[in-house]
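Here is what each chain is made of, one letter per residue.
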Amino acid sequence: MCGIALVLSSDRLVIVPCATAAAATSEIQHSCKRKGVPDELKEALRRRGPDNLGYESRCLLADGTVVVSDGYNDGVEGKVGVSDSGVADLFFIGATLHLRGAKLVSQPLVAPTGSVLVYNGEIYGGIQVADDENDTQALFTSLESCCSCDCHALGRDKTCPCCGSGATSVLQLLSTIKGPWALIYWQMKSNTIWFGRDAFGRRSLLVHWPTADDSRFILSSVSPLSFAKNNSGPTVNDFVSDHDMSNHTKASYWEELPCGIYSIHMKDIGKHGARMKEGWIVEVNTHKWMTSSLNELIKWERKLTVPTMENNSVDRGNHQLSQSFISSREAEENTNNGITKANLLSDSSLCEANCVTQLAHRVLVALRESVMLRTKMNTLFQGTLNKFEDEESAPIAVLFSGGLDSMILAALLDQCIDSKWTIDLLNVSFDGQLAPDRISAIAGLKELQRISPCRRWRLIEIDTALTDLKGESEHVMSLIHPSNTYMDLNIGIALWLAAGGDGWVDGSTCHMQDGSRYKYRSRSRVLIVGSGADEQCAGYGRHRTKYRLGGWNALDQEMRLDVQRIWKRNMGRDDRCISDHGKEARFPFLDENVIKTLLEIPLWEIAKLDEPVGRGDKKILREVARLLGLQEAALQPKRAIQFGSRIARESNRKNFGSNRAANQASAGSVQIHQHMQ
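The model shown is predicted, which means the values in this text are computed figures rather than measured ones.

Before we move on, can you summarise unusual backbone geometry with the specific residues and values?
In this model, Gln 107 is joined to Pro 108 through a cis peptide bond whose omega is 0 degrees. In this fold, Pro 108 is placed in the loop between strand E5 (86-96) and strand E6 (109-110). With an omega of 15 degrees, the peptide bond running from His 481 to Pro 482 counts as cis. Along the chain, the position of Pro 482 falls in the loop between helix H17 (471-480) and helix H18 (486-500). The backbone of His 511 shows a phi angle near 60 degrees, a positive value even though the residue is not glycine. Tracing the chain through its elements places His 511 in the loop between helix H19 (507-510) and strand E20 (517-521).

Next up, the structure:
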């Protein structure tokens, strides 16, 4: 996990979304003098990447040339660039949490050509990364070999003669990456800024469009507190007609950058930029993904949605479909799985022993591979692992409620890492031992101890009261920004506290130390999270409502909507809250192959919402849990973290007077600032 940022300051250049230039020309005359980079932004990024904080600057001159600038002056606000002849100053910031590769790789990365990269992500496919290699370094090497023709930055890729001869464009390369990422890349040869985030938004990237009060164009992983409070001024984006770039809150300084790849072509500004009184307006170009398989996942279209009479009345249709599905891809599974443990039953034995469908077995294989990719110990930075010297060290933790999703992930993690490591289970409660998630977590711990008695499992009980949180709540408010409802804040606080890992361990329950209860803070830098399971497997109550009112097609449409908006509703917010502790969240359910596998399964095998809660919802995952021997977890009902931890109840009482009053006001969707006014 890293914190990345770009600050583009200029008195004579304004960056706007595509199709905005003409409408914005009259509004930019009031732009203020350019500013440098405030310390607050650096510190917010440093919390995400505590291992190193670096800077790099470039100055764009009026004649179109670009030079390395020494005017950064350690980011002091108010400093300008190389000289008054400069059109724009570009400040790149990279804060590194080093987790992969044999050597520490500090950001920003700078090439001999003058190109600059700041990157926040992991690469699990598409680009070759050796076990001892760092993702960012491998990506930078590949980017520097890409074609630098102007046509790519201007969105005219099909006309490039170089790519016709086998060269790769930046857009093509980024489209092949499997895994979560956000990046900012200055391609020196073409004078182009490339930036974006992966198709599901698993890594945060915020954008500030120039305003009359702050004319800077800023990209950042996170918002500093004062920036989140700054809600002034209509943005240039008020004029945007492009739907993909206009979903924003006018009062907000920041927006979530929509998933995708963007470019700003800085060459020949006089030719390509729109002229205004004292300079130019330069458009941001939006690009389409270049990989057909990725575009298919983004569409999120399931081939089999409505069951026929045959497979709706008996399981015969399902069995026949399962056999066809498995046999057609058996070779791929055998070659790609590659995960064996002598002390575990084989996949085929598990399938036979537990009498479950082969479709659930296929999901299990995909999920196990996903967890393995995200937890391979030889890809974790050895300097980090060396810090875990005592026998109870836990380099990887699970955000743990004891519910279905976290139990599956914990059991799979047990299969994927060496038995010498302890696994930390992070559980947060705002009602002590009485919170539903605390009760299910203790029960889940016992079930994990039963199926894997040789593993050291450490349940960390993180207890607090909402009334005890003062400065912490304000801090989390800045992290969730631009999300701004009470539901967002409740989830954000719960995630932030859980990721901090500061709690108590019951030595007796966890079979540790002398059996006493002791204070403990998890040092795990990788946190496994179950995000994406409910959206893909019909785990929310509204899914049951949609099915009841509109049948299978209505359910399918609601699930597609959930997946396609998860970047805006969940992922950016959750990434910022968890990574604020210098930890990295990894989401096995949102692995590209897991998404593909679930889409290939008939909807009626994913969920069967005619059946009761705890049985028909997330049906396929309940069968996966049984494959893993988690019989009790397979029956757990869905509980969102804000309800399971009971922070929602405490928040309702504090902010609305009672749960009843909060329900009448639909408290979860109420915007915090509106309610406070």
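Still more to cover.
So, the sheet that holds E5: which residues are in play, and what are the values?
Here 7 strands make up an open sheet; going across it, the order is E4-E3-E5-E1-E11-E10-E12 and the pairing antiparallel. Edge positions in the sheet fall to strand E4 (66-68) and strand E12 (255-256), since each has one partner strand and no second.

How would you explain the side chain of Gln 536 if you had to name every residue and give the values?
With respect to the element layout, Gln 536 can be found in helix H20 (residues 533-537). Taking relative accessible area as the criterion, Gln 536 reaches 2% and is therefore assigned buried. A distance of 3.2 Å separates a polar side-chain atom of Gln 536 from the backbone oxygen of Gly 532. Discounting residues that sit within four places of it in the chain, Gln 536 has contacts with Trp 300, Arg 302, Met 559, Val 563, Phe 589, Leu 590, Val 594, Ile 595, Leu 598 and Ile 606.

Please provide a residue-by-residue account of the nonpolar core, values included.
Within the largest apolar cluster, 148 residues are counted, with the highest numbers of intra-cluster contacts made by Leu 139, Leu 425, Ile 620 and Leu 621. Element by element, the count of residues in this core is highest for H18, at 10 residues. Mapped onto the domain boundaries, this core takes at least three residues apiece from domain 1 (2-27 + 34-72 + 83-155 + 167-229 + 252-297) and domain 2 (384-575 + 608-669). Residues contacting Leu 621, with those up to four places away along its chain left out, are Val 363, Leu 367, Leu 404, Asp 405, Ile 408, Ala 533, Cys 537 and Phe 589.

Please give an account of the packing of helix H21 (residues 541-564) against helix H22 (residues 566-579) that cites residues and values.
Packing of H21 against H22 leaves a shortest axis separation of 8 Å and a crossing angle of 60 degrees. By the angle class used here, H21 and H22 are oblique. Facing Arg 542, Asp 562, Val 563 and Gln 564 of H21, the residues of H22 in contact are Ile 566, Trp 567 and Arg 569. Considered class by class, the residues forming the contact of H21 with H22 number 3 nonpolar, 1 polar and 3 charged.

Give me the pattern of salt bridges: which residues, what numbers.
A pair can form between side chains of opposite charge whenever their charged atoms are brought close. Per the counting criterion, the structure on display carries 49 salt bridges. In this structure, Arg 646 engages Asp 431 in a salt bridge whose closest nitrogen and oxygen atoms are separated by 2.6 Å. One end of the pair, Arg 646, is in the loop between helix H26 (641-644) and helix H27 (647-656); the other, Asp 431, is in the loop between strand E17 (423-429) and helix H16 (436-451), and 215 residues separate them in sequence. On the accessibility criterion, Arg 646 (24% relative accessible area) is partly exposed. The salt bridge partner of Glu 611 is Arg 615, with a shortest N-O separation of 3.5 Å.

Break down the pairing of strand E8 (residues 181-187) for me, citing the residues and quoting the values.
Each regular strand carries side chains that alternate between the two faces of the sheet. Of all 7 residues in E8, 7 are buried, a share of seventy percent or more. Along E8, one buried face is formed by Trp 181, Leu 183, Tyr 185 and Gln 187 and the opposite face, lined by Ala 182, Ile 184 and Trp 186, is buried too. As judged from the 6 bridges shared by strand E7 (residues 116-121) and E8, these two strands associate in the antiparallel manner. Its bridge partner lying in E8, Val 116 is registered against Trp 186. As defined by bridge partners, E8 adjoins strand E9 (residues 192-197) across 6 bridges and the pair is classed as antiparallel. Considered in E9, the bridge of Gln 187 is made with Thr 192. Here E8 folds back onto E9, and the loop between the two strands holds 4 residues, one of which, Asn 191, carries a positive phi near 55 degrees.

With reference to specific residues and values, describe H18.
For H18, built from 15 residues, the straight-helix expectation of 21 Å at 1.5 Å per residue is met to within 8% by its first-to-last C-alpha distance of 21 Å. Along H18, 14 of the 15 residues are buried, which leaves the element largely enclosed by surrounding structure. Where H18 ends, the next residue or the one after it, Gly 501, has phi of about 65 degrees, a positive value.

Tell me about the environment of Asp 198, and name the residues and values.
In this fold, Asp 198 is placed in the loop between E9 and strand E10 (206-208). On the accessibility criterion, Asp 198 (1% relative accessible area) is buried. Distance in space between the C-alpha atoms of Asp 198 and Ile 177 is 8.4 Å, their sequence separation being 21 residues. Residues contacting Asp 198, with those up to four places away along its chain left out, are Gly 179, Pro 180, Trp 181, Arg 203, Cys 259 and Trp 289. Polar contacts involving the side chain of Asp 198 include one to the main-chain amide nitrogen of Phe 200, which spans 2.8 Å.

Lay out the packing of aromatic side chains with the relevant residues and their values.
How two aromatic rings sit relative to each other is given by the distance of their centres and the angle of their planes. Using the criterion set out here, one finds 9 aromatic pairs in the structure. A centroid spacing of 4.9 Å and a plane angle of 65 degrees characterise the contact between Tyr 547 and Trp 552, whose relative ring orientation is edge-to-face. The residues Tyr 547 and Trp 552 share a single accessibility class, namely buried. Three or more aromatic residues link up through ring pairs in this structure, and these residues are Phe 195, Trp 209, Phe 217 and Tyr 262. Its guanidinium or amino end placed over the ring of Tyr 540, Arg 542 lies 4.5 Å from that ring's centre, counting from NZ or CZ.

Reading the values: the criteria
- Residues numbered from 1 in each chain as written.
- Predicted model: local features only at pLDDT ≥ 70, side-chain atom pairs only at ≥ 80, totals over all residues.
- Heavy atoms only, no water.
- Helix = DSSP H or I, 4+ residues; strand = E, 2+ residues; numbered from the N terminus.
- Pairing = 2+ DSSP bridges.
- Buried < 20%, exposed > 50% of the residue type's maximum accessible area, 1.4 Å probe, protein only.
- Polar contact = N/O pair within 3.5 Å; in protein donor to acceptor, adjacent residues only side chain to side chain.
- Contact = heavy atoms within 4.5 Å.
- Core = buried A, V, L, I, M, F, W, Y, C linked by side-chain atoms within 4.5 Å.
- Domains from an automatic or database assignment.
- Axes fitted to C-alpha atoms, helices over the stretch in contact; angles between N-to-C directions.
- Parallel < 35°, antiparallel > 145°, perpendicular 65-115°, else oblique.
- Nonpolar A, V, L, I, M, F, W, Y, C, P; charged D, E, K, R; others polar.
- Salt bridge = Lys/Arg side-chain N within 4 Å of Asp/Glu carboxyl O.
- Expected span 1.5 Å × (residues − 1).
- Phe/Tyr/Trp six-rings, centres within 6.5 Å; stacked < 30°, edge-to-face > 60°.
- Lys NZ or Arg CZ within 6 Å of the ring centre and 35° of its normal.

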